[in-house]
2 protein chains.
Amino acid sequence: MTDSIDLSAKFADWQAVGLDATQCPIRDVLDQLGDKWTTLIVIALAAGARRFSALNRQIPDISKRMLTQTLRDLERDGLITRHVFPTKPPSVEYQLAPLGRSLLDPLATLIGWSERHHAEIKQSRSRFDASID
Amino acid sequence: MTDSIDLSAKFADWQAVGLDATQCPIRDVLDQLGDKWTTLIVIALAAGARRFSALNRQIPDISKRMLTQTLRDLERDGLITRHVFPTKPPSVEYQLAPLGRSLLDPLATLIGWSERHHAEIKQSRSRFDASID
DNA sequence: CGGTATCCCGAGGGATACTG
DNA sequence: CAGTATCCCTCGGGATACCG
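Heads up: these notes are all about the structure in this document. (Residues numbered from 1 in each chain as written. Chains lettered and ligands numbered in written order. Predicted model: local features only at pLDDT ≥ 70, side-chain atom pairs only at ≥ 80, totals over all residues. Heavy atoms only, no water.)

**Topic: the overall build of chain A**
Put simply, the rule is: Only DSSP runs of H or I covering at least 4 residues are called helices, and only runs of E covering at least 2 are called strands; the numbering of each starts at the N terminus. Radius of gyration: over C-alpha atoms. The globule rule applied is 2.2 Å multiplied by the number of residues raised to the 0.38 power. Note on classification: 1.4 Å probe, protein chains only; a residue is buried when its accessible area is under 20% of the maximum for its type, exposed when over 50%, partly exposed between these limits. Between two residues, a contact is recorded if the distance between any of their heavy atoms is within 4.5 Å.
Secondary structure summary: chain A contains 6 helices and 3 strands in total. If you list the helices and strands of chain A from N to C, you get α-α-α-β-α-α-β-β-α. The C-alpha radius of gyration computed for chain A amounts to 19 Å, which surpasses the reference 14 Å derived for 133 residues by more than 25%, pointing to a less compact arrangement than a globule. For chain A, the C-alpha atoms occupy an extent of roughly 60 × 40 × 30 Å along the three principal directions. Relative to its 133 residues, chain A shows a buried fraction of 44%. Relative to all contacts within chain A whose residues are 6 or more apart in sequence, the contacts with residues 24 or more apart total 39%.

**Section: helix H1 (residues 7–16) of chain B**
Let me state the cut-off plainly: Taken from the helix axis, the directions to the C-beta atoms give the arc we talk about.
Along H1(B), the residues that are buried comprise Leu7(B), Phe11(B) and Trp14(B). Looking straight down H1(B), one finds that the buried residues subtend no more than 65 degrees of arc, so they occupy a single side. The inward-facing, buried residues of H1(B) contact helix H3 (38–46), helix H4 (52–58) and helix H6 (98–130) of chain A together with helix H2 (25–33) of chain B. After H1(B) finishes, the residue Gly18(B) shows a positive phi value of roughly 70 degrees.

**Re the protein's contact with DNA strand C**
Selection rule: Distances are taken per atom, and a residue is near a molecule or strand as soon as one of its heavy atoms is within 4 Å of it. Pairs of N or O atoms are called polar contacts if they sit within 3.5 Å, as long as, within protein, a hydrogen donor faces a hydrogen acceptor (for residues adjacent in sequence, only side-chain-to-side-chain pairs).
Surveying the vicinity of DNA strand C reveals 19 residues, the closest of which are Ser53(A), Lys64(A), Arg72(A), Arg82(A) and Tyr94(A). In DNA strand C, the atoms that sit within 4 Å of the protein are 64% sugar and phosphate, with bases accounting for the remainder. Lys64(A) has a polar side-chain atom sitting 2.7 Å from a base oxygen of DNA strand C. The contact in question runs from a phosphate oxygen of DNA strand C to an N or O atom on the side chain of Lys36(B), over 2.9 Å.

**Describing the protein's contact with DNA strand D**
Note the threshold: Classes in brief: Ala, Val, Leu, Ile, Met, Phe, Trp, Tyr, Cys and Pro nonpolar; Asp, Glu, Lys and Arg charged; the others, Gly included, polar.
Near DNA strand D you find 19 residues, and of these Ser53(B), Lys64(B), Arg72(B), Arg82(B) and Tyr94(B) are the closest. Expressed as a percentage, the sugar and phosphate content of the atoms of DNA strand D within 4 Å of the protein is 66%. At 2.9 Å from a phosphate oxygen of DNA strand D is found a side-chain nitrogen or oxygen belonging to Arg51(B). Looking at the surface near DNA strand D, the elements that each hand over two or more residues are helix H5 (64–76) of chain A together with helix H4 (52–58), helix H5 (64–76) and strand S3 (91–96) of chain B. In terms of residues, the surface near DNA strand D owes the most to one element, H5(B), which gives 4 residues. Here the residues of the surface near DNA strand D are counted per class, giving 8 nonpolar, 4 polar and 7 charged.

**A short note on the relation of the copies chain A and chain B**
As a reminder of what qualifies: Each copy is superposed on the other by least squares, with the fit set by C-alpha atoms of residues at a pLDDT of at least 70 in both.
In the superposition of chain A on chain B (RMSD 0.0 Å, axial shift 0.0 Å), the rotation amounts to 180 degrees. Put plainly, the chains are arranged around a two-fold axis. Taking the C-alpha atom as reference, chain A places Gly34(A) closest to the rotation axis, 2.0 Å from it.

**Side note on the interface of chain A and chain B**
Test applied: Here the quantity called buried area is the accessible surface, traced with a 1.4 Å probe, that two parts lose on coming together, added over both. What makes a salt bridge here is a side-chain nitrogen of Lys or Arg within 4 Å of a carboxyl oxygen of Asp or Glu, nothing more.
Each side of the interface is counted separately: chain A has 65 residues, and chain B has 65 residues. Across the chain A to chain B interface the summed buried area is about 6,300 Å²; carbon plus sulfur atoms make up 64%. Considering only the side of chain A, the residues that lose the most area to chain B are Arg76(A), Trp113(A) and Arg125(A), jointly responsible for 12% of the buried surface there. For the interface between chain A and chain B, the tally reads 10 salt bridges. Here Asp129(B) ties to Arg76(A) by a salt bridge, and the two come within 2.4 Å at their closest N and O atoms. Inspection of the chain A/chain B interface yields 24 residue pairs in polar contact (both at pLDDT 80 or more). In terms of residue count, H6(A) provides more of the side of chain A that touches chain B than any other element does, 25 residues in total. Of the residues in the side of chain A that touches chain B, the class split is 31 nonpolar, 17 polar and 17 charged.

In structure tokens form, the structure reads like this:
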């Protein structure tokens with residue numbers, strides 16, 4: 001069994017409300033997932049709870065600023081939880097909430113597709129760029 | 001059977017190459033899918049071939065400029081094909097290539113998730129925002 | 001350690017006007 | 001009709017410095 005829905009039918013529904021950004025899940029949810037760091041952080045947390053600086057090390061080129069902000073957005077959406085341990089140097093741990101874990105499978109499906117077709121896409125890009133004399 | 005892959009294992013692989021943007025499918029493929037208009041256009045084309053202005057009407061708030069650009073990127077990646085009919089007023093038709101159609105299922109899975117949890121996410125956002133006194 | 005607070009730049013993307 | 005060409009401006013996000 002699949003989770004597949006009829007995209008064309010859904011699109012028709014959303015068109016009926018003018019593709020309003022707050023009512024259309026594509027725009028209200030996927031726009032968040034589609035930002036520069038969100039999926040990377042969710043995947044990093046798939047293996048278990050991680051501390052702030054551990055995440056920062058696992059994703060080398062994210063700045064503390066964007067890590068903080070993206071984690072906060074994920075917490076706001078209920079995808080992750082944040083636990084503060086009142087140790088002398090404070091320590092904060094992030095982990096996937098049930099909602100966040102439920103995202104892993106759909107995400108894995110999409111990333112599986114990306115991986116399988118990555119080479120093909122890169123080839124297509126090369127051909128396209130070469131054809132522009 | 002599922003297309004699911006082990007995200008944690010994959011993440012470890014990608015970390016090994018420093019999450020390099022050109023080698024990591026998350027960054028090289030999903031960043032494109034995650035832009036403002038790509039998924040919307042793919043879904044609009046799920047129902048069949050569409051002409052430029054038809055797409056423009058179906059997605060009301062996209063500009064011709066961004067529609068052109070996003071369609072070109074999709075063509076470059078091999079997800080859609082472009083057919084020009086040499087009529088008196090030129091007419092151009094876009095449709096999903098096999099590669100693009102193969103994306104529909106993974107996309108439907110993710111959008112299905114978004115739809116099922118949209119209300120829950122909006123609630124979480126409200127609670128979070130309210131808790132910031 | 002786990003953030004905030006600033007400053008700042010470049011790209012994404014809207015509006016408008018023109019063209020084959 | 002299906003774009004291109006400009007102009008312009010917002011804002012995502014990097015760099016740096018500071019704080020409890």
